[in-house]
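Fold and geometry: a report
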Amino acid sequence: MYAGAVEEEQVSYQSEQSVDFQDVDLLQSHGINVADIKKLKGAGICTVKGILMTTNKKLCNIKGLSEAKVDKIKEISKTLCDSGFVTAFEVSEKRKNIFKVSTGSKELDKLLGGGIESMSITEAFGEFRTGKTQLSHTLCVLTQLPGANSYSGGKVIFIDTENTFRPERLRTIADRYNLDHTAMLDNVMYARAYTSEHQMELLDFAAAKCHEEPGIFKMLIVDSIMALFRVDFSGRGELADRQQKLAQLLARLQKISEEYNLAVFVTNQMTADPGATMSFQADPKKPIGGNILAHASTTRIYLRKGRGELRIAKMYDSPDQPESEATFAITAGGIDDAKE
């Protein structure tokens, strides 16, 4: 039922999406040879904007690219893509391309100002059994449905670090919206990450997929962002190294979301704060990842358990939404409004 609709929408969407999307192949007509362009693509840099988002040092680390070559590539990219100052009005016009994906609950959508926003990172953190993975699964289905403000729907990329992804769960959520199971599952690209380094490599694959099918992928989900960092780096001695690697991963996520106009949704775990009892804090738990993750996430929501299947979401940090709470329920059909 739905697969054909997606194909039709792909064509119409590509034409309006291509405004901010300049292929790295453009450099060929400005004197950069094909071999060098291939090297850039191999490093996960597929757009002109992607070159400007990468430091000279990192570009020089790509095998076969000299400093002189990197300078030339950067110069050409600057002429092709305007990376200087623009007026606030121009930013406002550009932000009209942003779309929001519904969570399945009107209350939760209202808290988020319409849903999960594209070109930004939305982080949901909470203890186990607070609905983080259920929200991720619901978004896998709802991203494919056309939504408010002429949002056309699209495909999803899911990076799983905890082995909690279940296609059967997507089927029950699809039943709530009367979607064809096969077509719906075909629109979700899944990868299981085993180490923090593998997680970083998968982001390069994700960028390549978005480049192959421009305007088709709308959501990138990482469930959860910190699990593998917790395993790969242990103790205080490795904390600085862990945070640096985490910062690089989050910077890559933010760049992908802006480059390809994707909504990025990540889940995060919590830890007990041993010092909190001394300062008489009401809630001694805090999200892991420290300030690096706190600053990288555009919007943060704190999930906690309510009665039975009810869950409470609190707006923890947002650049444009007030601090408030919303109650939602976990049902067979995914995230839904709480029944009174």
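Here goes a summary of the coordinates provided. Keep in mind that what you see is a predicted model, and the values were worked out from it rather than measured.

Cut-offs and rules
- Residues numbered from 1 in each chain as written.
- Predicted model: local features only at pLDDT ≥ 70, side-chain atom pairs only at ≥ 80, totals over all residues.
- Heavy atoms only, no water.
- Buried < 20%, exposed > 50% of the residue type's maximum accessible area, 1.4 Å probe, protein only.
- Helix = DSSP H or I, 4+ residues; strand = E, 2+ residues; numbered from the N terminus.
- Pairing = 2+ DSSP bridges.
- Axes fitted to C-alpha atoms, helices over the stretch in contact; angles between N-to-C directions.
- Parallel < 35°, antiparallel > 145°, perpendicular 65-115°, else oblique.
- Contact = heavy atoms within 4.5 Å.
- Nonpolar A, V, L, I, M, F, W, Y, C, P; charged D, E, K, R; others polar.
- Arc of directions from axis to C-beta.
- Polar contact = N/O pair within 3.5 Å; in protein donor to acceptor, adjacent residues only side chain to side chain.
- Phe/Tyr/Trp six-rings, centres within 6.5 Å; stacked < 30°, edge-to-face > 60°.
- Salt bridge = Lys/Arg side-chain N within 4 Å of Asp/Glu carboxyl O.

A word on the pairing of strand β6 (residues 217–223)
- Within β6, 7 of the 7 residues are buried, which leaves the element mostly enclosed by the surrounding structure.
- Here 6 bridges tie strand β4 (residues 155–160) to β6, and the two strands are oriented parallel to one another. Pairing of Ile159 across the sheet is with Val222, part of β6.
- For β6 and strand β7 (residues 263–268), the ladder comprises 4 bridges, and the chain directions are parallel. Note on β7: the bridge partner recorded for Val222 is Val266.

Considerations on helix α8 (residues 132–142)
- Of all 11 residues making up α8, 10 are buried, and the element is well covered by its neighbours.
- Within α8, the full set of buried residues consists of Lys132, Thr133, Leu135, Ser136, His137, Thr138, Leu139, Cys140, Val141 and Leu142.

A few points about the pairing of strand β10 (residues 299–305)
- Within β10, 5 of the 7 residues are buried, which leaves the element mostly enclosed by the surrounding structure.
- Pairing geometry for strand β3 (residues 120–126) and β10, over 5 bridges, is parallel. Looking at β10, one finds that Thr122 is bridged to Thr299.
- Pairing of β10 with strand β11 (residues 310–317) involves 6 bridges; the strand directions are antiparallel. Within β11, the position partnered with Tyr302 by the bridge is Lys314.

Considerations on the packing of helix α11 (residues 196–212) against helix α13 (residues 239–259)
- Contact geometry for α11 and α13: axes closest at 10 Å, N-to-C directions at 10°. Here α11 lies roughly parallel to α13, going by the angle between them. Across the interface between the two elements, Gln199, Met200, Leu203, Asp204 and Ala207 from α11 touch Gln248, Leu249, Arg252, Leu253 and Ile256 from α13.
- For the contact of α11 with α13, the class distribution of residues is 6 nonpolar, 2 polar and 2 charged.

Focus: helix α9 (residues 167–176)
- Residues of α9 that are buried include every one of Arg169, Leu170, Ile173 and Ala174, and no others. Here the buried residues of α9 occupy an arc of 140° about the axis, which is enough to place them on one side.
- Asn178 sits one or two residues past α9 and shows a positive phi near 55°.

Some thoughts on the side chain of Asp336
- Mapped onto the elements, Asp336 comes out in strand β13 (residues 334–337).
- A distance of 3.4 Å separates the side chain of Asp336 from the side chain of Arg176, its partner in a polar contact.

Brief notes about the packing of aromatic side chains
- Per the counting criterion, the structure on display carries 8 aromatic pairs.
- A ring pair is formed by Phe229 and Phe233, whose centres lie 6.2 Å apart and whose planes are at 10°; its orientation type is stacked. The two residues Phe229 and Phe233 agree in class, both being buried.
- Through a chain of ring-to-ring contacts, three or more aromatic side chains come together here, namely Phe125, Tyr302 and Tyr316.

Considerations on the pattern of salt bridges
- Going through the model one piece at a time under the given rule, you end up with 16 salt bridges.
- Taking the shortest distance from any N to any O, the salt bridge between Arg252 and Asp204 comes out at 3.0 Å. Separated by 48 residues along the polypeptide, Arg252 in helix α13 and Asp204 in helix α11 bring together distant segments of the chain.
- Relative accessible area serves as the criterion here: at 27%, Asp204 is assigned to the partly exposed category.
- Here Glu212 and Lys209 are joined by a salt bridge, their closest N and O atoms 3.5 Å apart. Placement of both Glu212 and Lys209 in helix α11 is noted, with a separation of 3 residues, approximately one turn of the helix.
- Glu212 gets classed as exposed once you look at its relative accessible area, which sits at 54%.
- A relative accessible area of 23% places Lys209 in the partly exposed class.
- Members of the salt-bridge network, linked through shared partners, are Lys155, Lys209, Glu212 and Glu213.

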